[in-house]
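Inside the fold
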Amino acid sequence: MVSIKGGRRRVVTSAVSTLTAGLALGAFALTGTADGATDIGAADGPRVKPTVVLEHGAFADGSSWNGVITRLRADGYPVVAAADPLRGPASDAAALRTVLGHIKGPKVLVGHSYGGSVISEAAAGDPDVKALVYVAAFLPAPGESALELTEKFPGSTLSDALDPVTYRQADGTAATDLYIRQDEFRHQFAADVPAGQAALMAAGQRPIAQAALVEKATVAAWKTKPSWDIVTTEDLNIPAAAQRFMAERAHAHTTEVAASHSVAVSRPRLVADVIERAARATVR
(Lines give C-alpha, C1' and ligand atoms only; values in the text may rest on other atoms or scores of the structure.)
Protein backbone atom coordinates (compact mmCIF):
# COMPACT_ATOMS: atom_id res chain seq x y z
CA MET A 1 0.00 0.00 0.00
CA VAL A 2 1.27 3.46 -0.91
CA SER A 3 -0.06 6.78 0.35
CA ILE A 4 1.02 10.17 -0.95
CA LYS A 5 1.12 13.40 1.06
CA GLY A 6 1.88 16.83 -0.35
CA GLY A 7 1.07 16.11 -3.99
CA ARG A 8 -0.81 13.99 -6.51
CA ARG A 9 0.88 10.89 -7.83
CA ARG A 10 1.46 11.00 -11.56
CA VAL A 11 1.23 8.14 -13.98
CA VAL A 12 4.60 7.53 -15.59
CA THR A 13 4.70 6.22 -19.14
CA SER A 14 7.74 4.61 -20.64
CA ALA A 15 10.42 6.76 -22.23
CA VAL A 16 9.71 5.13 -25.60
CA SER A 17 6.01 5.94 -25.60
CA THR A 18 6.66 9.48 -24.37
CA LEU A 19 9.18 10.15 -27.14
CA THR A 20 6.92 8.59 -29.76
CA ALA A 21 3.97 10.69 -28.69
CA GLY A 22 6.10 13.83 -28.67
CA LEU A 23 7.35 13.22 -32.18
CA ALA A 24 3.86 12.49 -33.44
CA LEU A 25 2.47 15.73 -32.02
CA GLY A 26 5.52 17.86 -32.71
CA ALA A 27 5.34 19.08 -29.12
CA PHE A 28 8.75 18.04 -27.80
CA ALA A 29 12.32 18.25 -29.01
CA LEU A 30 14.90 16.25 -27.06
CA THR A 31 18.54 17.32 -27.11
CA GLY A 32 21.56 16.66 -24.93
CA THR A 33 23.48 19.55 -23.39
CA ALA A 34 27.18 19.92 -22.85
CA ASP A 35 26.86 19.38 -19.12
CA GLY A 36 24.94 16.11 -19.43
CA ALA A 37 21.54 17.55 -18.53
CA THR A 38 18.62 17.27 -20.94
CA ASP A 39 16.67 20.17 -22.43
CA ILE A 40 13.05 19.61 -23.38
CA GLY A 41 11.27 22.26 -25.45
CA ALA A 42 7.58 22.18 -24.46
CA ALA A 43 4.52 24.37 -24.80
CA ASP A 44 5.06 25.92 -21.35
CA GLY A 45 8.71 26.77 -22.06
CA PRO A 46 12.07 24.98 -21.94
CA ARG A 47 12.87 22.57 -19.13
CA VAL A 48 16.18 21.16 -18.01
CA LYS A 49 16.36 17.69 -16.54
CA PRO A 50 18.79 17.94 -13.63
CA THR A 51 21.46 15.41 -12.86
CA VAL A 52 20.27 13.06 -10.13
CA VAL A 53 23.02 12.27 -7.61
CA LEU A 54 22.37 9.19 -5.48
CA GLU A 55 24.09 8.62 -2.11
CA HIS A 56 23.79 5.13 -0.61
CA GLY A 57 23.80 4.42 3.10
CA ALA A 58 25.31 1.89 5.49
CA PHE A 59 25.47 -1.82 4.65
CA ALA A 60 25.01 -1.05 0.93
CA ASP A 61 26.87 0.29 -2.09
CA GLY A 62 26.08 2.08 -5.33
CA SER A 63 24.54 -1.03 -6.88
CA SER A 64 21.59 -0.68 -4.49
CA TRP A 65 20.38 2.08 -6.84
CA ASN A 66 20.54 -0.02 -10.02
CA GLY A 67 16.78 -0.35 -10.50
CA VAL A 68 16.27 3.35 -9.81
CA ILE A 69 19.06 4.33 -12.20
CA THR A 70 17.57 2.21 -14.98
CA ARG A 71 14.20 3.94 -14.67
CA LEU A 72 15.59 7.46 -14.35
CA ARG A 73 17.77 7.01 -17.41
CA ALA A 74 14.84 5.62 -19.37
CA ASP A 75 13.01 8.83 -18.52
CA GLY A 76 15.91 10.97 -19.73
CA TYR A 77 17.66 11.91 -16.48
CA PRO A 78 21.46 11.96 -16.15
CA VAL A 79 22.41 9.96 -13.04
CA VAL A 80 25.49 9.57 -10.84
CA ALA A 81 25.61 7.06 -7.96
CA ALA A 82 28.32 8.33 -5.64
CA ALA A 83 30.43 6.06 -3.44
CA ASP A 84 29.86 6.85 0.24
CA PRO A 85 32.95 6.17 2.39
CA LEU A 86 30.71 5.61 5.46
CA ARG A 87 33.28 7.12 7.82
CA GLY A 88 31.32 10.08 9.26
CA PRO A 89 28.85 12.74 8.08
CA ALA A 90 31.39 15.57 7.84
CA SER A 91 34.08 13.68 5.94
CA ASP A 92 31.54 11.81 3.79
CA ALA A 93 29.86 15.12 2.89
CA ALA A 94 33.25 16.50 1.88
CA ALA A 95 33.75 13.49 -0.39
CA LEU A 96 30.30 13.97 -1.90
CA ARG A 97 30.98 17.66 -2.55
CA THR A 98 33.95 16.67 -4.73
CA VAL A 99 31.50 14.69 -6.88
CA LEU A 100 28.99 17.54 -6.99
CA GLY A 101 31.75 19.94 -8.00
CA HIS A 102 32.39 17.95 -11.18
CA ILE A 103 28.76 18.03 -12.29
CA LYS A 104 27.61 21.17 -14.08
CA GLY A 105 24.08 22.50 -13.89
CA PRO A 106 21.16 21.79 -11.56
CA LYS A 107 21.14 18.69 -9.40
CA VAL A 108 18.67 16.71 -7.31
CA LEU A 109 20.43 15.04 -4.37
CA VAL A 110 19.04 11.74 -3.06
CA GLY A 111 20.09 9.94 0.13
CA HIS A 112 19.17 6.53 1.45
CA SER A 113 19.38 5.76 5.18
CA TYR A 114 22.62 7.20 6.61
CA GLY A 115 23.09 8.82 3.20
CA GLY A 116 20.40 11.27 4.29
CA SER A 117 22.75 12.63 6.94
CA VAL A 118 25.41 13.05 4.28
CA ILE A 119 23.27 14.91 1.72
CA SER A 120 21.89 17.18 4.46
CA GLU A 121 25.42 18.43 5.04
CA ALA A 122 26.81 18.26 1.51
CA ALA A 123 23.98 20.31 -0.04
CA ALA A 124 24.21 23.22 2.39
CA GLY A 125 25.14 26.40 0.59
CA ASP A 126 25.19 24.77 -2.86
CA PRO A 127 22.85 26.73 -5.16
CA ASP A 128 22.97 24.04 -7.84
CA VAL A 129 21.27 21.50 -5.56
CA LYS A 130 17.63 22.30 -6.21
CA ALA A 131 15.91 19.55 -4.22
CA LEU A 132 16.64 16.87 -1.63
CA VAL A 133 15.04 13.43 -1.67
CA TYR A 134 15.26 11.24 1.42
CA VAL A 135 14.65 7.50 1.02
CA ALA A 136 14.08 5.69 4.35
CA ALA A 137 16.64 8.17 5.58
CA PHE A 138 17.92 10.36 8.37
CA LEU A 139 17.21 14.10 8.32
CA PRO A 140 19.22 15.21 11.34
CA ALA A 141 19.05 18.70 12.78
CA PRO A 142 22.29 20.32 13.94
CA GLY A 143 23.42 18.59 17.12
CA GLU A 144 21.65 15.29 16.36
CA SER A 145 23.19 11.95 15.41
CA ALA A 146 21.83 8.98 13.48
CA LEU A 147 21.90 6.80 16.59
CA GLU A 148 20.02 9.39 18.62
CA LEU A 149 17.28 9.63 15.99
CA THR A 150 17.02 5.84 15.68
CA GLU A 151 16.50 5.51 19.42
CA LYS A 152 14.03 8.38 19.64
CA PHE A 153 11.16 5.97 18.89
CA PRO A 154 10.83 2.21 19.48
CA GLY A 155 10.95 -0.32 16.67
CA SER A 156 14.53 -0.69 15.45
CA THR A 157 16.05 -4.16 15.81
CA LEU A 158 19.32 -3.25 14.11
CA SER A 159 21.53 -3.45 17.20
CA ASP A 160 20.72 -7.15 17.66
CA ALA A 161 21.68 -7.94 14.05
CA LEU A 162 25.04 -6.18 13.99
CA ASP A 163 28.44 -7.82 13.66
CA PRO A 164 31.08 -5.38 15.00
CA VAL A 165 34.68 -5.68 13.83
CA THR A 166 37.36 -3.80 15.79
CA TYR A 167 40.66 -2.97 14.12
CA ARG A 168 43.79 -0.90 14.70
CA GLN A 169 44.10 2.34 12.73
CA ALA A 170 47.33 3.74 11.29
CA ASP A 171 47.79 6.01 14.30
CA GLY A 172 47.50 3.05 16.66
CA THR A 173 44.03 3.83 17.97
CA ALA A 174 41.23 1.29 17.87
CA ALA A 175 38.12 1.73 15.71
CA THR A 176 35.05 -0.40 15.02
CA ASP A 177 33.26 -1.14 11.77
CA LEU A 178 29.70 -2.43 11.78
CA TYR A 179 28.25 -5.08 9.48
CA ILE A 180 24.88 -6.82 9.53
CA ARG A 181 25.29 -10.56 10.10
CA GLN A 182 24.65 -12.29 6.81
CA ASP A 183 22.17 -14.74 8.32
CA GLU A 184 20.13 -11.77 9.60
CA PHE A 185 20.57 -9.46 6.62
CA ARG A 186 17.42 -10.20 4.65
CA HIS A 187 15.10 -10.10 7.65
CA GLN A 188 16.67 -6.94 9.04
CA PHE A 189 17.44 -4.96 5.91
CA ALA A 190 15.65 -6.34 2.86
CA ALA A 191 12.65 -8.45 3.84
CA ASP A 192 10.74 -7.66 0.63
CA VAL A 193 13.70 -8.37 -1.67
CA PRO A 194 13.95 -11.85 -3.29
CA ALA A 195 16.09 -14.19 -1.19
CA GLY A 196 18.79 -14.69 -3.81
CA GLN A 197 19.20 -10.98 -4.40
CA ALA A 198 19.24 -10.26 -0.67
CA ALA A 199 22.00 -12.86 -0.23
CA LEU A 200 24.13 -11.04 -2.80
CA MET A 201 23.49 -7.74 -1.02
CA ALA A 202 24.53 -9.31 2.28
CA ALA A 203 27.77 -10.64 0.82
CA GLY A 204 28.65 -7.30 -0.79
CA GLN A 205 27.60 -4.97 2.03
CA ARG A 206 29.97 -2.17 3.01
CA PRO A 207 30.50 -1.52 6.71
CA ILE A 208 29.92 1.79 8.43
CA ALA A 209 32.22 3.19 11.07
CA GLN A 210 30.54 2.94 14.45
CA ALA A 211 31.73 6.51 15.10
CA ALA A 212 29.70 7.74 12.10
CA LEU A 213 26.44 6.85 13.82
CA VAL A 214 27.20 9.01 16.86
CA GLU A 215 28.76 11.96 15.04
CA LYS A 216 26.50 14.99 15.37
CA ALA A 217 25.23 16.98 12.42
CA THR A 218 26.43 20.56 12.11
CA VAL A 219 24.10 21.83 9.38
CA ALA A 220 20.78 20.82 7.81
CA ALA A 221 20.23 21.67 4.15
CA TRP A 222 16.56 20.66 4.45
CA LYS A 223 15.98 23.85 6.40
CA THR A 224 16.48 25.90 3.23
CA LYS A 225 15.90 23.50 0.32
CA PRO A 226 12.64 21.80 -0.73
CA SER A 227 12.55 18.18 0.39
CA TRP A 228 10.76 14.96 -0.50
CA ASP A 229 10.71 11.92 1.77
CA ILE A 230 9.82 8.25 1.33
CA VAL A 231 8.80 6.72 4.66
CA THR A 232 9.03 2.93 4.85
CA THR A 233 6.46 1.58 7.29
CA GLU A 234 7.95 -1.94 7.58
CA ASP A 235 11.46 -0.67 8.29
CA LEU A 236 13.44 -2.46 11.02
CA ASN A 237 16.45 -0.12 10.83
CA ILE A 238 14.87 3.34 11.20
CA PRO A 239 11.41 3.15 12.82
CA ALA A 240 8.60 4.59 10.74
CA ALA A 241 7.70 6.89 13.63
CA ALA A 242 11.20 8.37 13.55
CA GLN A 243 11.02 8.81 9.80
CA ARG A 244 7.65 10.58 10.08
CA PHE A 245 8.98 12.86 12.82
CA MET A 246 11.90 13.94 10.67
CA ALA A 247 9.81 14.36 7.51
CA GLU A 248 7.19 16.47 9.26
CA ARG A 249 9.83 18.64 10.89
CA ALA A 250 11.39 19.28 7.48
CA HIS A 251 7.98 20.03 5.90
CA ALA A 252 8.86 17.39 3.30
CA HIS A 253 6.49 16.14 0.62
CA THR A 254 5.99 12.66 2.04
CA THR A 255 5.18 9.30 0.47
CA GLU A 256 4.54 6.33 2.77
CA VAL A 257 4.96 2.80 1.50
CA ALA A 258 4.71 -0.63 3.13
CA ALA A 259 8.29 -1.62 2.39
CA SER A 260 11.52 -2.65 4.07
CA HIS A 261 14.56 -0.45 4.55
CA SER A 262 15.74 -1.54 1.08
CA VAL A 263 12.87 0.20 -0.72
CA ALA A 264 15.14 1.40 -3.53
CA VAL A 265 15.76 -2.26 -4.38
CA SER A 266 12.25 -3.59 -3.81
CA ARG A 267 10.30 -0.60 -5.20
CA PRO A 268 12.60 1.18 -7.66
CA ARG A 269 9.79 2.62 -9.78
CA LEU A 270 8.20 4.30 -6.78
CA VAL A 271 11.54 5.78 -5.72
CA ALA A 272 12.23 7.02 -9.25
CA ASP A 273 8.74 8.56 -9.41
CA VAL A 274 9.33 10.58 -6.24
CA ILE A 275 12.73 11.77 -7.52
CA GLU A 276 11.19 12.86 -10.81
CA ARG A 277 8.41 14.66 -8.97
CA ALA A 278 11.02 16.62 -7.02
CA ALA A 279 12.89 17.43 -10.24
CA ARG A 280 9.78 18.68 -12.05
CA ALA A 281 8.75 20.83 -9.08
CA THR A 282 12.09 22.60 -8.65
CA VAL A 283 13.98 22.70 -11.97
CA ARG A 284 12.90 24.50 -15.15
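Preceding this paragraph is the structure being described.
Everything in this summary refers to the structure shown in the same document. (Residues numbered from 1 in each chain as written. Predicted model: local features only at pLDDT ≥ 70, side-chain atom pairs only at ≥ 80, totals over all residues. Heavy atoms only, no water.)

1. With respect to the side chain of Asn-237
In this fold, Asn-237 is placed in the loop between strand 12 (227-232) and helix 9 (240-249). Beyond its immediate sequence surroundings of up to four residues, Asn-237 is in contact with Phe-59, Thr-150, Ser-156, Leu-158, Gln-188, Phe-189 and His-261. (Helix = DSSP H or I, 4+ residues; strand = E, 2+ residues; numbered from the N terminus. Contact = heavy atoms within 4.5 Å.)

2. Digging into the nonpolar core
By size, the foremost hydrophobic cluster in this structure holds 48 residues, and its most contacted members are Phe-59, Leu-96, Leu-109, Leu-132, Ile-180, Ile-208 and Trp-222. Once residues within four sequence positions are removed from consideration, Phe-59 is found in contact with Leu-86, Leu-158, Leu-162, Leu-178, Tyr-179, Ile-180, Phe-185, Phe-189, Gln-205, Arg-206, Ile-208 and Asn-237. In terms of nonpolar packing, the next biggest core, distinct from the first, is built from 26 residues, Ile-230, Val-257, Ala-259 and Ala-272 among them. (Core = buried A, V, L, I, M, F, W, Y, C linked by side-chain atoms within 4.5 Å. Buried < 20%, exposed > 50% of the residue type's maximum accessible area, 1.4 Å probe, protein only.)

3. Digging into the packing of aromatic side chains
Tallied over the entire structure, the rule returns three aromatic pairs. Between the aromatic rings of Phe-59 and Phe-189, the centroid separation amounts to 6.2 Å while the plane-to-plane angle is 85°, which identifies the pairing as edge-to-face. In this pair, Phe-59 is assigned in the loop between strand 5 (51-55) and helix 2 (66-74) and Phe-189 in helix 7 (residues 182-189), connecting sequence segments 130 residues apart. In this structure Phe-59 comes out as buried when scored by relative accessible area, which is 4%. The class for Phe-189 is buried, based on a relative accessible area of 2%. Ring geometry for Phe-153 versus Phe-245: centroids 5.9 Å apart, planes at 50°, classification tilted. Of this pair, Phe-153 sits in the loop between helix 5 (146-150) and helix 6 (158-161) while Phe-245 is found in helix 9, placing the two residues 92 residues apart along the sequence. (Phe/Tyr/Trp six-rings, centres within 6.5 Å; stacked < 30°, edge-to-face > 60°.)

4. Comments concerning helix 9
Every buried residue of helix 9 is accounted for by Ala-240, Ala-242, Gln-243, Met-246 and Ala-247. Around the axis of helix 9, the buried residues are gathered within 160° of arc, so they sit on the same side. Looking at the buried positions of helix 9, the neighbouring elements they touch are helix 5, strand 12 and strand 13 (253-257). Just downstream of helix 9 lies His-251, where phi reads positive at about 55°. (Arc of directions from axis to C-beta.)

5. Let's talk about the sheet that holds strand 11 (residues 208-209)
With respect to topology, three strands assemble into an open sheet ordered 9-10-11, the strand pairing being antiparallel. In the strand order of this sheet, the two ends are held by strand 9 (162-168) and strand 11, each with one partner. Direction of pairing for strand 9 relative to strand 10 (residues 174-180): antiparallel, over a ladder of seven bridges. Across the sheet, the residue bridging to Leu-162 is Ile-180, located in strand 10. (Pairing = 2+ DSSP bridges.)

6. Some thoughts on the layout of surface pockets
Any empty space left between atoms is shown by rolling a water-sized probe over those atoms. One number sums up the size of the second largest pocket: a volume of about 380 Å³. As for the second largest pocket, its lining consists of 19 residues, and the residues nearest its centre are Leu-147, Thr-150, Leu-158, Leu-162 and Leu-213. Put simply, the parts of the chain that give the lining of the second largest pocket at least two residues each are helix 5 and helix 6. Among the elements that line the lining of the second largest pocket, the one with the most residues is helix 5, at three residues. Its residues assigned to classes, the lining of the second largest pocket shows 12 nonpolar, six polar and one charged. (1 Å grid on protein atoms, 1.4 Å probe; cavity = no way out; pocket = protein on both sides within 12 Å on 5 of 7 lines; lining within 4 Å. Points joined across faces, edges and corners; volume = space filled by probe spheres on them. Nonpolar A, V, L, I, M, F, W, Y, C, P; charged D, E, K, R; others polar.)

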